[in-house]
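Architecture at a glance
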Amino acid sequence: MAFQSSSLSCSSSVDLRRPSAKASDIFGSQLRSLEIEPTHLRLLDSFKRSPKALRLTAVMGSPAQETKDNKPKVEEVSDHFKELRHRFLGFKKDKYLSNLEHYQRLSEVQTPKFMVIACADSRVCPSSILGFQPGEAFVIRNVANLVPPHDNGPTETNAALEFAVNSLEVENLLVVGHSCCGGIRALMSLDDEENTSSFIRSWVFVGKPAKLKTKASASNLDLDQQCRHCEKESINRSLFNLLTYPWIEERVKNGTLSIHGGYYDFIDCTFEKWTLDYKGNSLAPDDGCSINNREFWS
Ligand SMILES: [Zn+2]
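Residues numbered from 1 in each chain as written. Predicted model: local features only at pLDDT ≥ 70, side-chain atom pairs only at ≥ 80, totals over all residues.

An unreviewed UniProt entry lists the protein under the name Carbonic anhydrase, with Castilleja foliolosa as the source organism. Quoted verbatim from the Catalytic activity (unreviewed entry) field of UniProt, the annotation for the protein is "hydrogencarbonate + H(+) = CO2 + H2O". The protein has a UniProt comment under Sequence similarities (unreviewed entry) that states "Belongs to the beta-class carbonic anhydrase family." (UniProt positions renumbered as here; feature names shortened; annotations may be inferred.)

**Re the packing of helix 11 (residues 208-218) against helix 12 (residues 223-242)**
Between helix 11 and helix 12, whose axes approach to 8 Å, the crossing angle comes to 135 degrees. Classified by the interaxial angle, the pair formed by helix 11 and helix 12 is oblique. In terms of crossing hand, the pair formed by helix 11 and helix 12 is right-handed. In this structure, helix 11 contributes Pro-209, Ala-210, Lys-211, Lys-213, Thr-214 and Ala-218 to the contact, and helix 12 contributes Gln-225, Gln-226, His-229, Cys-230, Glu-233, Ser-234 and Arg-237. Residue classes in the contact of helix 11 with helix 12 are distributed as 4 nonpolar, 5 polar and 4 charged. (Axes fitted to C-alpha atoms, helices over the stretch in contact; angles between N-to-C directions. Helix = DSSP H or I, 4+ residues; strand = E, 2+ residues; numbered from the N terminus. Parallel < 35°, antiparallel > 145°, perpendicular 65-115°, else oblique. Left-handed = near helix turned anticlockwise from the far one by under 90°. Contact = placed C-beta atoms within 7 Å. Nonpolar A, V, L, I, M, F, W, Y, C, P; charged D, E, K, R; others polar.)

**Re helix 11**
What helix 11 keeps buried is the set Ala-210, Lys-211 and Thr-214. Looking straight down helix 11, one finds that the buried residues subtend no more than 100 degrees of arc, so they occupy a single side. On its buried side, helix 11 packs onto helix 9 (182-189) and helix 12. (Buried ≥ 20, exposed ≤ 12 C-beta atoms within 10 Å, placed from the backbone. Arc of directions from axis to C-beta.)

**Considerations on the packing of helix 9 against helix 12**
How two helices sit against one another is set out by the angle between their axes and by the gap between those axes. The N-to-C vectors of helix 9 and helix 12 enclose an angle of 110 degrees; their axes lie 9 Å apart at closest approach. Taken together, helix 9 and helix 12 sit at an angle that is classed as roughly perpendicular. Along this stretch, helix 9 crosses helix 12, giving a crossing that reads as right-handed. In this structure, helix 9 contributes Ile-184, Arg-185, Leu-187 and Met-188 to the contact, and helix 12 contributes Leu-223, Gln-226, Cys-227, Cys-230, Glu-231 and Ser-234. Each residue belonging to the contact of helix 9 with helix 12 can be placed in one class, and the counts come to 6 nonpolar, 2 polar and 2 charged.

This is the structure in structure tokens:
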């Protein structure tokens, strides 16, 4: 199976027993977060010393200076922003100015039909893979696309949900999970008894019920397969958790809001989509809530 044979970062293990797990362990080797921070600081230092010189360097693209630590140089960071500037101006010319009336209306009000909860993983951008245009989807992304239950208290995820459901009155909530999720691997790998100060550990623990269910039903599988199982199980758990918010359940009950799950496999580039079938007694996920409208896009 492609999933097992892949050499992507999904097969690297995460050791959360350390006091502070590196973000790059969670999101894969493509994210060089520990290198970005010192670069950012260097950029600020340079800017403080001579902002004009920095701007001149960025514009003229003068030869990069050697650094002792092999980290990205200021000029390289500037190149990244040159690319972003180019993309932004392309968006302005090809999209914004070409549809000026639409974007002017959007500047006054947003009426998205979707709220999407997706993973922070850089490879699963919902706007890219599902083609959401500005104004179409209210999006929040977090590690492992988890929705905590209402009783867990405030987080930025349920704050965004409250605004999207009660103020924007979105019609669809879509939780999007994905293959090779580092957050789910962290959840599956962590020692439940270990007490550390890791923010990642504390967050992914929201998905513990999905982990327990995976361990109960797929304990004969290897860790990669268990992770894939848990990636989908945790989506369903998040769908159930959405119903623990009274203002969500009420809208689902009266038919003005639907709850959907999605799973993006970026190895095979397929997308699976399903809808929670609410029957008025859906707050017992372990009893099995039914799913309908399952579709597989390949
Ligand atoms: Zn993920």
